[in-house]
Amino acid sequence: MAVISLPEGLARRLLEEAKRRGVSLEELVLDELSNALDPAERGRAYWEAAEAMVERAEEELSKGDLRQASEKIWGAAALAVKAVAWATKGVRLASHGELWRFVDELAGETGDEDIREGWRAATAMHVNYYEGWAPEGEVRACLRRVRGLLERL
């Protein structure tokens, strides 16, 4: 993972835009910069970001920051689903509704209900980021499910 230093005002604007779109900062940057890549390369870039998000979720959990861990869990799942959409269909998923429909399509095509379960766990973590209701054991269980989702995808 690389660290990029930005002027405070620019960093704040990027974070605000990511929040407005309902995506992580990493996902915002990927969305904006991946236009020069072909769909397969975009898929790989999104997949690498998804794997990095899982690692960051584990780090946040080890520090006891359940909200940040929750958001990283959600981000990993969303990025992984977007990676598969780019790599297999050449399409960009831009909304939560598109993500849900694509997950439904994948689960229907494969008959793998664990894809749906992993996605539901990720979505619960997205809610937990804002609400902070889930206890540590639930966050850990959702992380395991999202790791399983990535394995299936």
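You'll find the structure just up there.
Residues numbered from 1 in each chain as written. Predicted model: local features only at pLDDT ≥ 70, side-chain atom pairs only at ≥ 80, totals over all residues. Heavy atoms only, no water.

Asks: Any chance you could explain the packing of helix α6 (residues 113–131) against helix α7 (residues 136–152) here in plain terms?
Replies: Describing two packed helices takes the angle between their axes plus the distance from one axis to the other. The N-to-C vectors of α6 and α7 enclose an angle of 135°; their axes lie 8 Å apart at closest approach. Here α7 runs oblique to α6, going by the angle between their axes. In the crossing of α6 with α7, the sense of the turn from one axis to the other is left-handed. Here Asp114, Ile115, Glu117, Gly118, Trp119, Ala121, Ala122, Met125 and Asn128 of α6 lie close against α7, whose contacting residues are Val139, Cys142, Arg145, Val146, Leu149 and Arg152. Class assignment for the residues of the contact of α6 with α7 results in 9 nonpolar, 2 polar and 4 charged. (Axes fitted to C-alpha atoms, helices over the stretch in contact; angles between N-to-C directions. Helix = DSSP H or I, 4+ residues; strand = E, 2+ residues; numbered from the N terminus. Parallel < 35°, antiparallel > 145°, perpendicular 65-115°, else oblique. Left-handed = near helix turned anticlockwise from the far one by under 90°. Contact = heavy atoms within 4.5 Å. Nonpolar A, V, L, I, M, F, W, Y, C, P; charged D, E, K, R; others polar.)

Asks: I keep staring at α6 and nothing clicks. Help me out?
Replies: The periodicity of an α-helix, 3.6 residues per turn, causes residues three or four positions apart to be oriented the same way. For α6, spanning 19 residues, the distance from its first C-alpha to its last is 27 Å, which sits close to the expected 27 Å at 1.5 Å a residue. For α6, the elements touching its buried residues are α4 (66–89), α5 (96–110) and α7. Structurally, the start of α6 carries an N-cap: the backbone nitrogen of aspartate 114 is 2.9 Å from a side-chain oxygen of aspartate 112. Looking one or two places after α6, you find glycine 132, whose phi comes out positive at around 70°. (Expected span 1.5 Å × (residues − 1). Polar contact = N/O pair within 3.5 Å; in protein donor to acceptor, adjacent residues only side chain to side chain.)

Asks: Help me understand the pattern of salt bridges, please; the structure alone is not making it clear to me.
Replies: Should their charged atoms come close, side chains of opposite charge can pair. Within the structure shown, the criterion is met by 15 salt bridges. The partner of glutamate 60 in a salt bridge is lysine 63, with the nearest N and O atoms 3.6 Å apart. Residue glutamate 60 and its partner lysine 63 are located together in helix α3 (residues 39–63), separated by 3 residues, close to a single helical turn. Given a relative accessible area of 62%, lysine 63 falls into the exposed group. Note that glutamate 117 and arginine 120 form a salt bridge whose closest N and O atoms lie 2.4 Å from each other. Remark: arginine 120 and glutamate 117 occur in helix α6; sequence separation between them is 3 residues, near one turn of the helix. On the basis of relative accessible area, glutamate 117 is assigned to the partly exposed category, the value being 31%. The class for arginine 120 is partly exposed, based on a relative accessible area of 39%. Taken together, the shared-partner salt bridges connect Glu17, Arg20 and Arg21 into one network. (Salt bridge = Lys/Arg side-chain N within 4 Å of Asp/Glu carboxyl O. Buried < 20%, exposed > 50% of the residue type's maximum accessible area, 1.4 Å probe, protein only.)

Asks: Any chance you could explain a negative patch on the surface here in plain terms?
Replies: A grouping of Glu48, Glu51, Glu55 and Glu59 is seen on the molecular surface, where their side chains present a negatively charged patch. Along the chain, the position of glutamate 48 falls in helix α3. Using a relative accessible area of 54% as the deciding quantity, one classes glutamate 48 as exposed. (Patch = residues over 30% accessible without salt bridge, like charges linked within 9 Å, V, L, I, M, F, W, Y side chains within 5 Å. Areas by Shrake-Rupley, 256 points an atom, 1.4 Å probe, with all protein chains shown as cover. Lys, Arg positive; Asp, Glu negative; His and termini not counted. Charge placed at Lys NZ, Arg CZ, Asp CG, Glu CD.)

Asks: Got a minute to help me understand the packing of α4 against α7 in this structure?
Replies: Direction vectors running N to C along α4 and α7 enclose 15°, while the axes themselves pass 10 Å from each other. With respect to each other, α4 and α7 are oriented roughly parallel. α7 is crossed by α4, and the crossing has left-handed handedness. Within the contact between the two elements, α4 uses Leu66, Ala69, Ser70, Ile73, Ala76, Ala77 and Ala80 and α7 uses Glu136, Val139, Cys142, Leu143, Val146, Leu149 and Leu150. For the contact of α4 with α7, the class distribution of residues is 12 nonpolar, 1 polar and 1 charged.

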